[in-house]
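# Remarks on the overall topology
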Amino acid sequence: MMNRRTLLASLAAATVCRGVDPQRFFTVGQRGGRWWFITPEGRPFFSIGLNHIDPAPLRYASNGDLWERKYGNSMEKWLKEAVAPDLKAWGFNSVGWTQEVVTRGSTNHRHSRAFTFEEYQWLGLPYCHQLPFADFHQWEAETRHPDFDAPEFAEWCDYVAREHCARLKDDPKLIGYFYIDCPTWIHTRPESAWKGPLFDPEKLKTEAGRKELHALAMKWYRITHDAVRRYDKHHLILGDRYEAAHPIADEVIDAALPYVDVLSFQHFSGPDKVTANLNHWHQKTGKPVLLADHAIQIREPDGSGRHDGEGDARVLAALRETPGCIGYHLCGAYLRNEARKRALRDASEKPDEAALESITRANRETAAWMERVR
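Only a predicted model underlies this, so the values are computations on that prediction, with no experimental measurement involved.

In total, this model carries two cavities of 30 Å³ or more according to the counting rule given. Roughly 70 Å³ of volume is contained in the largest cavity. Taken together, Pro183, Trp185, Ile186, His187, Tyr242, Glu243, Pro247, Ile248, Ala249 and Val252 make up the lining of the largest cavity. In terms of residue class, the lining of the largest cavity is built from eight nonpolar, one polar and one charged. Within this model, the second largest cavity holds a volume of roughly 50 Å³. Within the residue set of the lining of the second largest cavity, elements represented by two or more residues are helix H10 (309–320), strand S15 (325–330) and helix H11 (353–373).

Here you go:
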């Protein structure tokens, strides 16, 4: 007899298989004893992505006229002549999510906008896209929680899908859609403590409370899923990027299973903890898992940071031995700004050569491993 979690996993698998044209869009599947993204051409694909790509640091006053002089005030020129060649040279084969943190504070913590359809075309790489259905990210400091029962919430989700998915629906380079960056279902961070979590974790001590959370999460995943599928029948739904460093309720994951194709996680830790976490959720649900945001950082005395390239490489190597994992997205950024203070190039475009040597080597080793499987 199936238990509830097994039943939900089987329903989720059926959801993944229905309505997807494997000849035109990314899917997920098993090859050679492990899970993969499957390309529109039918080939196994392990996503090696870079997150956080924003040109605004090139426009700092200290840079003078660098942006206009070098790129002619053109996003197209910048993406085609700088970003795309760099990502390919460094061994990245995709883009995770493009928004970059631009302010950090207790009352204002914001990210840059997502790329447009045209900008993704200029970049020319497989990509993931975040849909702004709501703002209960753990870092969000200003917006109150949404009311999933309010008719205007469903109306907003329909608008978001019309604005985003209806334009991206035919693009074979689109891997899939993300929702919330580290949702605060049962935890908060200092920025979001004023509004508390969406659900009181004390209620999880009772069966009634656990059922209440499951019902609440089901509304979220059903409404958002249905909005996407109204305008895009095919592309993968990558769902929320759960924060592995905080408690994740089984009831939320159970509610997501019928409505997402992949379970996505943020986890800033070493290979042992990262792989243990991903294995846990893969074995528990049967879903492929994606490390959608990760970096190991070296903190400098002045408060800035550098990538620990060797540390990042060790995590990527461990993920190749994690059969449920289908990708690794590095928490960039491409260009350093004064909010994150860490990137692969600084605001004047000087590369972090020490980090990039290790990152490029690890990315190329992963690409060679992928080719052997193909």
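Next comes the rest of the description.
If you check helix H5 (residues 151–163), its first and last C-alpha atoms are 18 Å apart, about what 13 residues at 1.5 Å a residue would give, namely 18 Å. Among all positions in H5, only Phe153, Cys157, Asp158, Val160 and Ala161 are buried. Projected down its long axis, H5 carries its buried residues within an arc of 160°, all on one side. When the buried face of H5 is taken as reference, the exposed residues oriented beyond 90 degrees from it are Pro151, Glu152 and Glu155.

This brings us to the sheet that holds strand S2 (residues 34–38). Taken together, the three strands give an open sheet; going across it, the order is S1-S2-S3, and neighbouring strands pair in antiparallel fashion. Taken across any chain shown, the strands that pair with only one partner, and hence form the sheet edges, are strand S1 (27–31) and strand S3 (44–45). Note: S1 against S2, five bridges, orientation antiparallel. Among the inter-strand pairings, glycine 29 is bridged to a residue of S2, identified as tryptophan 36.

What follows is about the state of the cysteines. Evaluation of the coordinates by the stated rule reveals zero disulfides. Cysteine cysteine 157 shares no disulfide, and the gap to the nearest cysteine sulfur, in cysteine 165, comes to 10 Å. In this structure cysteine 157 comes out as buried when scored by relative accessible area, which is 0%. Counting only cysteine sulfurs, cysteine 182 is the nearest neighbor of cysteine 331, a cysteine outside any disulfide, at a range of 9.7 Å.

Gaps between atoms show up when a probe of the same size as a water molecule is rolled over them. As a volume, the largest pocket reaches approximately 480 Å³. What lines the largest pocket is a set of 22 residues, and nearest its centre among them are Arg104, Arg189, Gln266, Phe268 and Arg340. Its residues placed into classes, the lining of the largest pocket shows seven nonpolar, six polar and nine charged. In terms of lining, the second largest pocket is formed by 17 residues, of which the most central are His111, Asp135, His137, Trp139 and Glu140. Its residues assigned to classes, the lining of the second largest pocket shows six nonpolar, seven polar and four charged.

Regular strands place their side chains on alternate faces of the sheet. Strand S9 (residues 174–181) sits mainly inside the fold: eight of its eight residues count as buried. Here four bridges tie strand S8 (residues 127–130) to S9, and the two strands are oriented parallel to one another. In the sheet register, histidine 129 faces S9, and the bridge partner there is tyrosine 177. Here four bridges tie S9 to strand S10 (residues 236–243), and the two strands are oriented parallel to one another. Across the sheet, glycine 176 pairs through a bridge with leucine 236, a residue of S10. Regarding topology, helix H7 (residues 207–231) serves as the crossover connection from S9 to the parallel S10, and that connection is right-handed.

Scoring rules and cut-offs
Residues numbered from 1 in each chain as written. Predicted model: local features only at pLDDT ≥ 70, side-chain atom pairs only at ≥ 80, totals over all residues. Heavy atoms only, no water. 1 Å grid on protein atoms, 1.4 Å probe; cavity = no way out; pocket = protein on both sides within 12 Å on 5 of 7 lines; lining within 4 Å. Points joined across faces, edges and corners; volume = space filled by probe spheres on them. Nonpolar A, V, L, I, M, F, W, Y, C, P; charged D, E, K, R; others polar. Helix = DSSP H or I, 4+ residues; strand = E, 2+ residues; numbered from the N terminus. Expected span 1.5 Å × (residues − 1). Buried < 20%, exposed > 50% of the residue type's maximum accessible area, 1.4 Å probe, protein only. Arc of directions from axis to C-beta. Pairing = 2+ DSSP bridges. Disulfide = S-S within 2.5 Å. Right-handed = clockwise from strand over helix to strand, strands pointing away.

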